[in-house]
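What the coordinates show
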Amino acid sequence: MATQAANGPAVSMDGRTGDGHYARAFREAFISGLIAFGLFFLLVGLKTDQNIRNELIIVQRWGLLATIVAIVMVGRFAFAAYIWPAVESRRAEAAARAPAIAAPPSFLRRNLVRLAIVLMFLFPVIAVLVEGVQGSLKWIDNFGIQILIYVMLAWGLNIVIGLAGLLDLGYVAFYAVGAYTYALLGKEFGLSFWLLLPAAGAMAAMWGVLLGFPVLRLRGDYLAIVTLAFGEIIRLVLINWREVTNGSAGISSIPKITFFGFFDFDVSSPFYIGKVFDLPTSGVYYKIFLYYLILCLALVTAFVTIRLRRMPIGRAWEALREDEIACRALGINTTNTKLTAFAIGAMFGGFAGAFFAARQGFINPESFVFLQSAIILAIVVLGGMGSLVGIAVAALVMIGGMEALREIEFLKLAFGETFRPEEYRMLIFGLAMVVVMVWKPRGFVGSREPTAFLNERKMVSTEFTREGHG
Amino acid sequence: MAAATMEPVLRVEHLSMKFGGLVAVGDLSFEARRGEITALIGPNGAGKTTVFNCITGFYKPSSGRITMTRSDGAQHLLEQLPDFQIPAKAKVARTFQNIRLFSGMTVFENLLVAQHNRLMAASGYTVLGLLGLGGYRKASAESRDLARFWLDRTGLIGRADDPAGDLPYGAQRRLEIARAMCTGPELLCLDEPAAGLNPKESAALNDLLNDIRDTSGTSILLIEHDMSVVMQISDHVVVLEYGRKISDGAPSYVKNDPKVIAAYLGVDDEDVTEVLEEVGDAHIIAQPETGPDPDHGPSPSGSMLAGPISDTVEHSDDTEYLLQVAPGASKADAVPTTADDLTRVHGIGAVEAERLAARGITHFGQVATLTVAEIAEIEAEIQAEPGRIVREDWMGQAGALAAMAGGEQH
């Protein structure tokens, strides 16, 4: 680091001298400090509170303010003086030896996806071994299942946004349709999850087509607004159609999923897994079962998406994203192509919804607010539109990160004992997203894998792909 | 079969396209013959691309008929087909003036997308293909071969797996042609294929187009600005100006047509007379040709002065239009010497003229002042669908013709 920093100014592109370089870093640090002071003066420096007599008082927190401003200044200085020159010099070096043939990817890189899948299958076993039976519950449920639900939702939305380029802000509506389909039919008619899973998918797909029809002629912002409204309409119907959906109170005691009818996870049932296999009673069996179920559902989503991309319909989706007019000039029925994208994307949302209802045992419209759509969309964008691996990583980072931020204790060392990390997790999280989008504007995986090749498979750089006009 | 091959591959009859008050294309009729390269040329804003958009379904023409005859004799009326069925069913492919490639997909993928409909059917609309059943594998291999074939022909085989957006400009133009050819078209419409090409690329393009015409049985209709390109490769040239056809014929004929020269030199309408007199074509002014007879197809050599003038004068306001017609009508009434040739009004053929004559209507002025009740009666008599006379604007046309006839008298 030190040598790089020393070399940095010398090889930097515009040949700045070392002294001018540090002076500039000081100046930038000072300006950043000023901005941070202005920004946090009211936000952090002053705090309104109630004293013992219930009077509103202003608490002054100059120490905290000074700490934050100092962190910003030091950070900016380090960035301007050391990190950026090092990055620049490395870039220059890379540019200098660009024509060199890229080394074949390492074993780890080539088999990344396979290793990740194996790891995911082993995850509950590892969790139980490390944390014990009761301790593993949190890891399997809060992390494993929660992340995989979002992976599946994001992979479903990826078909609509990443492949077909149709900006859908109301995706959570299909999730809700799937969840209510299972909850209502499962509870009222006692139908099995395995029957209702396809039904939930079909129902969501039907709603996808219903949404698709009116928005066929819309593009870009207009499409986004209509899909957003659609999501809200579904939610408001769920709230107000009390006779069927029980309104805001929601639906409770939704039946659990059975293991294809062989045994189940209901303690009072004669076929309880503990009785069938002579095991001690525990809630962890159901969680592990749910984990593998959602893992399989997510993998099916990925498999179907990969297969569809290599079919004519998948290529037509991507062509639609690239240029709709050219599609029509080639005889592609853009109406059908858009509707299938909406329907198939919605179908996976419906599957995930049915699973969600079965896992929670209780649903109400509060689970299907716009924020959910926004989070799923953020995962797709952060992961890199169209890339399954990138999206999975983004879901891991976003959902896992949000959960993990509840846990971190070390921040208390920096900000004192009264600091509660869970209050700041959205702030930290937003900051992290901004950083990622600045660093990788096209998401974690920025290149597109071609669906077919004649001689060799070359990744397509995102500078050529388009995001779609809606 | 023999009769079908004699039919022109594309027949455009009385095509008009109006955008509000603007007449982009007015009463255009021409033919593109099978196995030939037909060029559509004209100055900027002449309406060439509008004609293309009408043929390929991106615009619905205001009136007129566009007939595509397939080599098996099947006929399609392009103005009635939805745009995506024109390439699929009528086998008309097109390229765009500003290149429209799928730039984030590879060159090879672009050519596969072009074969969408065939692959879609082979994959049992995805269902069978997803399960690995049916003939999808075979169709997929065939599509690769076809793509490879056109990549070879266009010299892009070495860049098959590069993103289309990464190709140089000239190669993108060739790729767009290759992509259009992968749809298996019988008529290929090229919108300024040589625009932005250097002379070498332009020459290569000419070879490619000649090759396509000679070996693949695809007829070509192209728009071009550059007269030299047109003269080299086209078999037949149609010249447009202000949305009207001003010349039509072999390149050598068109090149020497004074109206074309005038159009390209940018002579004012009034000066056309002078130019025509200078080149010894004054008879064109004195004896304007009659409009193409709808019963016998369009005449191959139309002239700018043929056909009704009224189309160029748009009346956006009905009341104003009545006021304008009235003086002309009175003039016509004042000189009821001999019967006017009513067939000069578009929509009035020999049959209609006969029926009108039976009602005692023989002058433009009379047509121009038809009342609503009379119109309804006439429509019933000639078995026209209600509203046709108003739509074809017989009154406006006749008013203008009457005014012109009045002008000639003085």
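As the structure is a computational prediction, the values presented were derived from the model and not from experiment.

1. So, the overall build of chain B
When helices and strands are tallied, chain B shows 20 helices and ten strands. Counting the 410 residues in chain B, one finds 45% classified as buried. Put simply, 67% of the contacts in chain B that link residues at least 6 apart link residues at least 24 apart.

2. Points about the overall build of chain A
The secondary structure content of chain A amounts to 18 helices and two strands. Classification of the 470 residues of chain A by burial places 38% in the buried group. Of the contacts made within chain A by residues no fewer than 6 positions apart, 73% connect residues no fewer than 24 positions apart.

3. Observations regarding the confidence of the model for chain B
All names here are of chain B. Here chain B averages 75 in pLDDT, and 78% of its residues register 70 or above. Note on residues 1-5: pLDDT under 50 across the span, and seven contacts to partners over four residues away in sequence or across chains. Every residue in residues 283-336 is under pLDDT 50, and counting partners more than four places away or in other chains gives 93 contacts. Scored by ipTM, the complex comes to 0.73, with pTM at 0.71.

4. Quick notes on the environment of Ile117 of chain A
Tracing the sequence through the fold places Ile117 of chain A in helix α5 (residues 112-163). Once the C-alpha coordinates of Ile117 of chain A and Leu43 of chain A are considered, the two residues, 74 residues apart in sequence, prove to be 44 Å apart.

5. Observations concerning the sheet that holds strand β4 (residues 63-69) of chain B
Residue and element names in this part refer to chain B. Strand order across the open sheet formed by four strands is β2-β1-β4-β5, with antiparallel pairing between neighbours. With partners counted over all chains shown, the strands left at the sheet margins are β2 (22-32) and β5 (75-77), one partner each. Each strand of the sheet is rotated relative to its neighbour by a mean of 20°, with strand direction disregarded. Alignment of strand β1 (residues 10-19) against β4, held across five bridges, turns out to be antiparallel. Along β4, the bridge assignment pairs Val12 with Ile66.

6. Points about unusual backbone geometry
The residue Asn54 of chain A is not glycine, and still its phi comes out positive at about 65°. Tracing the backbone through its elements, the reader meets Asn54 of chain A in the loop between β1 (46-50) and β2 (56-60). At Lys91 of chain B, a residue that is not glycine, the phi angle is positive and equals roughly 60°.

7. Let's talk about the environment of Ala358 of chain A
All names here are of chain A. Along the chain, Ala358 falls in helix α14 (residues 334-360). Looking at Ala358, the number of C-beta atoms within 10 Å reads 24, which means it is buried. Taking the C-alpha atoms as reference points, Ala358 and Gln146, 212 residues apart in sequence, are found 13 Å from one another.

8. Examining the pairing of β1 of chain B
Residue and element names in this part refer to chain B. As paired strands, β1 and β2 are joined by seven bridges and run antiparallel to one another. Counterpart to Arg11 in the pairing with β2 is Glu31. From the end of β1 to the start of β2, which pair antiparallel, there are two residues, and Gly20 there has a positive phi angle of about 60°.

9. Description of the packing of helix α4 (residues 107-114) of chain B against helix α8 (residues 169-181) of chain B
All names here are of chain B. Axis separation between α4 and α8 bottoms out at 8 Å; the angle between their running directions is 30°. By the angle class used here, α4 and α8 are roughly parallel. Read as a crossing pair, α4 and α8 show a hand that is right-handed. Of the residues in α8, those in contact with Val107, Asn110, Leu111 and Ala114 of α4 are Leu175, Ala178 and Arg179. In the contact of α4 with α8, the residues fall into five nonpolar, one polar and one charged.

10. Quick word on helix α6 (residues 172-189) of chain A
Residue and element names in this part refer to chain A. In this model α6 runs 25 Å from its N-terminal to its C-terminal C-alpha over 18 residues, within 8% of the 26 Å that 1.5 Å per residue would give. Most of α6 sits inside the fold, with 13 of its 18 residues counted as buried. Downstream of α6 by one or two residues, Gly190 has phi in the positive range, about 65°.

11. Regarding the nonpolar core
Met152, Ala154, Ile294 and Ala395 of chain A are the most contacted members of the largest nonpolar core, which has 186 residues in total. Counting 18 residues, the second-largest nonpolar core is a separate cluster that includes Leu342, Ala368, Ala398 and Ala403 of chain B.

12. Re helix α3 (residues 62-96) of chain A
Counted at 1.5 Å a residue, the expected span for α3 of chain A with its 35 residues is 51 Å, and the 49 Å between its end C-alpha atoms agrees. Within α3 of chain A, burial applies to Ile68, Val69, Met73, Arg76, Ala81 and Pro85 of chain A.

13. Thoughts on the interface of chain A and chain B
Between chain A and chain B, the residue contacts involve 33 residues of the former and 33 residues of the latter. Of all the secondary-structure elements, those providing two or more residues to the side of chain A that touches chain B are α12 (312-322) and α13 (324-329) of chain A. The element best represented in the side of chain A that touches chain B is α12 of chain A, accounting for seven residues. Tallied by class, residues from the side of chain A that touches chain B come to 16 nonpolar, seven polar and ten charged.

14. Let's talk about the sheet that holds strand β6 (residues 92-94) of chain B
Residues and elements named next belong to chain B. Spatially, six strands are ordered β6-β7-β8-β3-β9-β10 in an open sheet, and the strand pairing comes out mixed. Looking along the sheet, the strands with just one partner apiece sit at the ends: β6 and β10 (244-249). Taken pair by pair, the neighbouring strands of this sheet meet at an average axis angle of 20°, ignoring direction. Relative to the sheet, helix α2 (residues 48-55) contacts β3 (37-41), β6, β7 (187-191), β8 (219-224) and β9 (236-241), its axis offset from that of β7 by approximately 145°.

15. With respect to the domain arrangement of chain A
Domain boundaries assigned for chain A yield domain 1 (2-93) and domain 2 (110-404). For domain 1 of chain A versus domain 2 of chain A, the distance between C-alpha centres works out to 42 Å.

16. Some words on the packing of helix α7 (residues 193-215) of chain A against helix α8 (residues 220-240) of chain A
Residues and elements named next belong to chain A. Put simply, α7 and α8 touch, their axes get as near as 11 Å, and they point 145° apart. Two packed elements cross with a definite hand, and for α7 against α8 that hand is right-handed. On α8, the residues that touch Leu211, Pro214 and Val215 of α7 are Leu223, Val226, Thr227 and Phe230. Here the residues of the contact of α7 with α8 are counted per class, giving six nonpolar, one polar and no charged.

17. Examining the pairing of β10 of chain B
Among the six residues of β10 of chain B, five are classified as buried, and the element is accordingly described as predominantly covered. From the end of β9 of chain B to the start of β10 of chain B, which pair antiparallel, there are two residues, and Tyr242 of chain B there has a positive phi angle of about 50°.

18. Let's talk about the confidence of the model for chain A
Detailed reading of predicted coordinates is not advised where the pLDDT is low. Residue and element names in this part refer to chain A. Within chain A, residue pLDDT values average 82, and 90% of them lie at 70 or more. By mean pLDDT, the top-scoring element of chain A is α14 (92), and the lowest-scoring one is helix α1 (residues 2-11) (41). Counting contacts from residues 1-16, a segment whose pLDDT is below 50, to residues more than four positions away or on other chains yields 23 contacts.

Scoring rules and cut-offs
Residues numbered from 1 in each chain as written. Chains lettered and ligands numbered in written order. Predicted model: local features only at pLDDT ≥ 70, side-chain atom pairs only at ≥ 80, totals over all residues. Helix = DSSP H or I, 4+ residues; strand = E, 2+ residues; numbered from the N terminus. Buried ≥ 20, exposed ≤ 12 C-beta atoms within 10 Å, placed from the backbone. Contact = placed C-beta atoms within 7 Å. pLDDT = per-residue confidence, 0-100. Pairing = 2+ DSSP bridges. Axes fitted to C-alpha atoms, helices over the stretch in contact; angles between N-to-C directions. Parallel < 35°, antiparallel > 145°, perpendicular 65-115°, else oblique. Left-handed = near helix turned anticlockwise from the far one by under 90°. Nonpolar A, V, L, I, M, F, W, Y, C, P; charged D, E, K, R; others polar. Expected span 1.5 Å × (residues − 1). Core = buried A, V, L, I, M, F, W, Y, C linked by C-beta atoms within 7 Å. Domains from an automatic or database assignment.

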